[in-house]
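One letter stands for each residue in the lines below.
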Amino acid sequence: YQRRVHGAHTKVAQAAVHELGKAIGVETGLPLDLVRFGDFDSLVLPQATWTGGSTGTEGAVQAVIQCCRTLVERLAPIAEKLRAEADGKQPTWAKLVETARLANVNVSCQERVTGPLSMGAFLAYNNFGAATSEIELDVLTGETRLLTVDMQYDCGRSLNPAIDVGQAEGAFMMGVGRVLRERELYDPKNGEMLSNGTWEYKPPMSMDVPLVFNVELLNNPNFDKGVLSSKCSGEPPFVLACSVAMAARMAVQAARADAGLPIFTNIPLPMTPDVLATACGLAGSSCAKA
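Caption draft 1: Expanded view of the nonpolar core. If you look at the biggest cluster of nonpolar residues, it comprises 30 residues, and the most contacted ones within it are M151, F172, V176 and V244. Contributing elements (two or more residues each) for this core: β1 (129-137), β2 (144-154), α5 (161-181), β3 (212-218), α6 (242-258) and α7 (273-280). Leaving out residues up to four positions away in the same chain, V244 has contacts with S133, I135, L146, F172, V176, V179 and L180. With 26 residues, the next largest nonpolar core counts A16, I24, V64 and C68 among its residues.

Below you can see the structure in the form of structure tokens.
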């Protein structure tokens, strides 16, 4: 077994210690180092399900919450007995579990939550967000530099703000790849993919990350759906990268206006350097020749 300290594992561990702490009256939860994770295989979870639509973490957390509440219910009589024997003092978690084991109480539990199919209206909510992007465009080469991004994203009551901010940043950068970099090339004669390596296919790299990247999670205390009033963060911020595409288009329009060209021109996605350079319309200008 291993202890994981990132992503879905962290949120699952937080939910587990929060719920199990109620068995001994600890509202702040048990220590996180009591939680261990096994490898994700059929020995641990024989009926695993797919993840999609950013519901993987929510489904896992909800399943753990349901398991923990079942265990707390089973442990309640043991905890009550121990408190009575100790003049009202709460037992430790180790003492509670050991006493339950000796009393032949089943302290294992399994639950299955498979996202919208089993959670229904529980996950029927909307995600809200907004982003502004500032870019710098070289009108001769079409190269871009992402200077500043300011993003606000609604996570409801975030289960873990540090993780959700990272998820929002990652999803946004995937979107940057979509609008600026990742173009698939095929041989028109036989359909062979030509961009099957990073020499031709360019995912976003470290230089594509904004020089200033501000992400703020909106406080939404009135949200009453989701898991513990939280919202997913893995995929929705992807679409906010459209702000980068719009910034690039505005830069192209400014370049065309300076060159005395009509400001509108069709710019397909992704806006790779060759596409942007062509859109600027300066390929045959004296500036470009110089």
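Caption draft 2: Spotlight on the sheet that holds β1. Taken together, three strands build an open sheet; the order of strands is β1-β2-β3 and the sheet is mixed. Edge positions in the open sheet fall to β1 and β3, since each of these has one partner strand only. Going across the sheet, the axis of each strand differs from the next one's by a mean of 5°, ignoring polarity. Sheet analysis places β1 next to β2, joined by nine bridges and oriented antiparallel. Across the sheet, the residue bridging to S133 is V149, located in β2. The strands that α6 touches are β1 and β2; relative to β1, the one it contacts most, it runs at about 40°.

Caption draft 3: Highlighting the state of the cysteines. If you walk through the whole model with that rule in mind, you get zero disulfides. No disulfide involves C67; its sulfur sits 3.9 Å from that of C109, the nearest cysteine. Of the residues examined, C67 reaches a relative accessible area of 12% and is grouped as buried.

Caption draft 4: How the structure looks around unusual backbone geometry. Between L269 and P270 the backbone carries a cis peptide bond, its omega angle lying at -5°. Of note, the phi angle at N104 is positive, near 65°, even though the residue is not glycine. In this structure, N104 sits in the loop between α3 (93-102) and α4 (116-119). On the basis of relative accessibility, which here comes to 70%, the residue N104 falls in the exposed class. For S229, which is not a glycine, the phi torsion comes out positive at approximately 65°. Looking at the element boundaries, S229 is found in the loop between β3 and α6. Classification of S229 as buried rests on a relative accessible area of 16%.

Caption draft 5: Region of the structure containing the pattern of salt bridges. Applying the stated criterion to the full structure yields eight salt bridges. Put simply, K11 and D164 hold a salt bridge, and the shortest N to O gap is 2.6 Å. In this pair, K11 is assigned in helix α1 (residues 7-20) and D164 in helix α5, connecting sequence segments 153 residues apart. The class for D164 is buried, based on a relative accessible area of 0%. Within this structure, E19, K22 and R69 form a network of salt bridges that share partners.

Caption draft 6: Expanded view of the pairing of β2. The buried fraction of β2 is high, at eight of 11 residues. Summarising the sheet, β2 and β3 pair through seven bridges and their orientation is parallel. Following the sheet pairing, V149 is matched in β3 by F213. After leaving β2, the chain enters α5 and then returns to the sheet as β3, a path that is right-handed.

Caption draft 7: Fine view of the packing of α6 against α7. Packing of α6 against α7 leaves a shortest axis separation of 8 Å and a crossing angle of 35°. Residue-level contacts link A248, V252, A255 and R256 of α6 to L276, A279 and C280 of α7. Of the residues in the contact of α6 with α7, the class split is six nonpolar, no polar and one charged.

Caption draft 8: Inspection of the packing of aromatic side chains at higher detail. Taken as a whole and judged by the stated rule, the model has two aromatic pairs. The lysine or arginine in question, K231, covers the ring of F223, its NZ or CZ lying 4.8 Å from the ring centre.

Calculation criteria
- Residues numbered from 1 in each chain as written.
- Predicted model: local features only at pLDDT ≥ 70, side-chain atom pairs only at ≥ 80, totals over all residues.
- Heavy atoms only, no water.
- Core = buried A, V, L, I, M, F, W, Y, C linked by side-chain atoms within 4.5 Å.
- Buried < 20%, exposed > 50% of the residue type's maximum accessible area, 1.4 Å probe, protein only.
- Helix = DSSP H or I, 4+ residues; strand = E, 2+ residues; numbered from the N terminus.
- Contact = heavy atoms within 4.5 Å.
- Pairing = 2+ DSSP bridges.
- Axes fitted to C-alpha atoms, helices over the stretch in contact; angles between N-to-C directions.
- Disulfide = S-S within 2.5 Å.
- Salt bridge = Lys/Arg side-chain N within 4 Å of Asp/Glu carboxyl O.
- Right-handed = clockwise from strand over helix to strand, strands pointing away.
- Nonpolar A, V, L, I, M, F, W, Y, C, P; charged D, E, K, R; others polar.
- Phe/Tyr/Trp six-rings, centres within 6.5 Å; stacked < 30°, edge-to-face > 60°.
- Lys NZ or Arg CZ within 6 Å of the ring centre and 35° of its normal.

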